[in-house]
Amino acid sequence: MTRRFGNSPLPGKNYVARPGVYAILPGKRGLLLTHQSQPEPEFQLPGGGIDPGESPLRALHREVWEETGWTIARPRRLGVFRRFTFMPDYDIWAEKICPVYLATPVRSCGDPVEPDHTACWMKPRDAMVELANAGDRHFVRRMLGLC
């Protein structure tokens, strides 16, 4: 069974499976994260949904570029978690399936193209506190060898 972080599913809600991919991106300045200002301001691991017909690795490269403006190399899967949440952008209750990869940020190609996203660098220990969801925080702790 895939480990769950966050809230349990609410009784009576119909959850839509939303597979995605997410990346921990360590560099000289810390971890490359994205800050999403809408609908709620929060720091996140870069990543997001896998489009129909798209491979997980292709989606990872696309999502990191859209949310940070960076290209990446050498993605390696660390694990997976799931969480149940309301996604206001899509007006759905979702069971998010969240594989997490470790990858190397290679080159900044400009600003993020995803609306309301900003690329930012953060010290890994700060990210363990500031990341918005417990699954992201868990994988950063794991990357640091703290769990």
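Remember, it's a predicted structure, so these values are computed and weren't measured experimentally.

### Remarks on the environment of Pro11
- Among the structural elements, Pro11 can be located in the segment before strand 1 (16–24).
- We classify Pro11 as exposed; its relative accessible area is 78%.
- Residues Pro11 and Ala103, 92 residues apart in the sequence, show an inter-C-alpha distance of 37 Å.

### Details of the packing of aromatic side chains
- Enumeration over the complete set of coordinates arrives at 6 aromatic pairs.
- Summarising the aromatic geometry, the rings of Trp70 and Trp121 are spaced 5.5 Å apart at their centres and angled 80 degrees between planes, so their arrangement reads as edge-to-face. Of this pair, Trp70 sits in strand 6 (residues 70–87) while Trp121 sits in strand 8 (residues 117–122), and the two are 51 residues apart along the sequence.
- A relative accessible area of 13% places Trp70 in the buried class.
- Classification of Trp121 by relative accessible area gives partly exposed; the value is 25%.
- Ring pairing ties together the aromatic residues Tyr15, Phe84, Phe86 and Trp93, which thus form one cluster.
- If you follow Arg18 out to its NZ or CZ, it ends over the ring of Tyr90, 4.6 Å from the centre.

Here is what the cut-offs are and how they apply
Residues numbered from 1 in each chain as written. Predicted model: local features only at pLDDT ≥ 70, side-chain atom pairs only at ≥ 80, totals over all residues. Heavy atoms only, no water. Helix = DSSP H or I, 4+ residues; strand = E, 2+ residues; numbered from the N terminus. Buried < 20%, exposed > 50% of the residue type's maximum accessible area, 1.4 Å probe, protein only. Phe/Tyr/Trp six-rings, centres within 6.5 Å; stacked < 30°, edge-to-face > 60°. Lys NZ or Arg CZ within 6 Å of the ring centre and 35° of its normal.

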